[in-house]
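Single-letter residue listing:
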Amino acid sequence: MDNNNQAGWSSKIGFILAAAGSAVGLGNLWRFPYIAAYNGGGAFLLLYLITLFTIGFTLVVLETGIGYRFRKNPVDSMKQINKRFGFIGSVGIIAVTIILGFYSVVGGWIMHYLVFAASHPLSNATQEYFQSFVSRPVLPLLYTVLFLFATAFIVYRGVQEGIEKYSKIMMPLLFVLLFGLVVRSFFLPNAAEGLKYFFKPDFSKINSMTFFSTLGQAFFSLSVGMGIFITYGAYLPEDKKFPIGSSASVIALDTLVSVLAGMMIFPAIFSFNLSMNAGPTLIFITLPKIFASFPFGSIVGVVFFILLFLAALTSTISMIEVSVAYLHGKYGLPRSKAVIGYAIFCVVLAVPFSLAFGLWSDVKIFGYNFFDFGDTVASNILLPAGGFLMCVAVGWFYGAEKLRVFASDKANAVFALMVKYLAPAAVLLVFIDAMGWLK
Ligand code: TRP
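This text gives an overview of the structure that appears in the document. (Residues numbered from 1 in each chain as written. Predicted model: local features only at pLDDT ≥ 70, side-chain atom pairs only at ≥ 80, totals over all residues. Heavy atoms only, no water.)

The next thing to look at is the packing of helix H8 (residues 159-186) against helix H14 (residues 297-331). Two quantities define a packed helix pair, namely the angle between the helix axes and the distance between the axes. Taken N-terminus to C-terminus, the directions of H8 and H14 make an angle of 150 degrees; their axes are 9 Å apart at the nearest point. Judged on the interaxial angle alone, H14 and H8 are roughly antiparallel. By crossing handedness, the relation of H8 to H14 is classed as left-handed. Contacts between H8 and H14 involve Val 159, Ile 163, Met 170, Met 171, Leu 173, Leu 174, Leu 177, Leu 178, Leu 181 and Arg 184 from the former and Val 300, Val 303, Phe 304, Ile 306, Leu 307, Leu 310, Ala 311, Leu 313, Thr 314, Ile 317 and Glu 321 from the latter. Partitioning the contact of H8 with H14 into residue classes produces 18 nonpolar, 1 polar and 2 charged. (Axes fitted to C-alpha atoms, helices over the stretch in contact; angles between N-to-C directions. Helix = DSSP H or I, 4+ residues; strand = E, 2+ residues; numbered from the N terminus. Parallel < 35°, antiparallel > 145°, perpendicular 65-115°, else oblique. Left-handed = near helix turned anticlockwise from the far one by under 90°. Contact = heavy atoms within 4.5 Å. Nonpolar A, V, L, I, M, F, W, Y, C, P; charged D, E, K, R; others polar.)

Next comes the structure, spelled out in structure tokens:
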């Protein structure tokens, strides 16, 4: 084991829950339902499932397999293939760091709304309230620091005593809360209409663009391409056989949360005749408005923000862990120092992302404010670039069959073909689409 004073996961379940925690995040709860609705509901779902279990699965297994075989952080693992490939791991770490910067800003907002929902009537969570809160210079940042502190605290405690232990509490809790909210949604007037809208396949909406949205969503949601699974794979107990089923379970859990999120949100939207929108507006304005009119709505609101908090926190934990593993490998820093130093760095990094909603909203880079610029660079450029380069490095220079992720030679040969041709081609297409070169 490359990291000092720590063992890896105590069991496969530890890996599954921690990795699912990384994958399950705001991408499932606020992005997926929206994308599904606009791309043909059930038809999109079908396409999404096929993509996940072919290309998504290939990338998750590839990354986990790299970590499992080389047992090192992303940079050093890639160096095992070829000294010059270390930069591929670095691309991932840079992407993760940027994502952590803006994700923690949203994490801070969520914490604030949790406190707000517990202490104020939710009908006060209006558009104006949201605007005035996020544009303040200091308060949102204080919540961001609090959120980063919570994340760092868990990572500080170690892989087994921190990440694994907390994931084992937080992930089941997340499922219970989500399930509760889905059941609550079922009993709303017009719930059936909402579910029908979400699940009813509309194949006329499927076209080549849908395919790109599907892939983009799959990569973001699984958090592949950034070395997360390399890092978590390196902590898997060594065994005769690579635990291929664990990778499949992570994907299944991630998908389950996305589908449940749609089942929670659509009935609510339909029974209140609101329109579906993505991102911050949905979770900080539209949904609170709906909860406010429920009987016991404030309880529902609090539960909802706890759910978001858990989803975001288990994702940021994995982001810090990737970098901590790297800092340890590269500079020999002990976990404690690496966590503290990196967390402080991230607080500084979060400042421009937070101020992008207020003081610095006029500062633009290529026409984007800081926040959107960070999101675009990390999610649309670095993430596909990292995934693509990993496929090329392993597929063409190492031979994916040598990772021996499957028990049978035949399966390994098919996997090697996927890594060599299909997966990189798909990632490249997503990238080209994200750059807007197809329009
Ligand atoms: N998968 C996360 C979500 O659905 C988002 C994400 C993208 C992520 N890249 C990541 C999480 C890297 C952790 C690490 O919200």
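Alright, that's what it looks like, and here's the rest.
Our next topic: the environment of Phe 57. Mapped onto the secondary structure, Phe 57 falls in helix H3 (residues 42-70). Separated by 166 residues in sequence, Phe 57 and Ser 223 have C-alpha atoms that sit 12 Å apart. Excluding anything up to four places from it in sequence, Phe 57 contacts Leu 52, Ile 244, Ser 247, Ala 248, Ile 251 and Phe 406.

Now for unusual backbone geometry. For residues besides glycine, phi is generally negative; the peptide bonds are generally trans as well. Positive phi is not limited to glycine here, since Asn 190 has a value of about 70 degrees. Mapped onto the elements of the fold, Asn 190 is located in the loop between H8 and helix H9 (191-199). Asn 190 sits in the partly exposed class, given a relative accessible area of 45%. Even without glycine at this site, Ser 223 takes up a positive phi of about 50 degrees. Mapping Ser 223 onto the fold places it in the loop between helix H10 (208-222) and helix H11 (228-234). (Buried < 20%, exposed > 50% of the residue type's maximum accessible area, 1.4 Å probe, protein only.)

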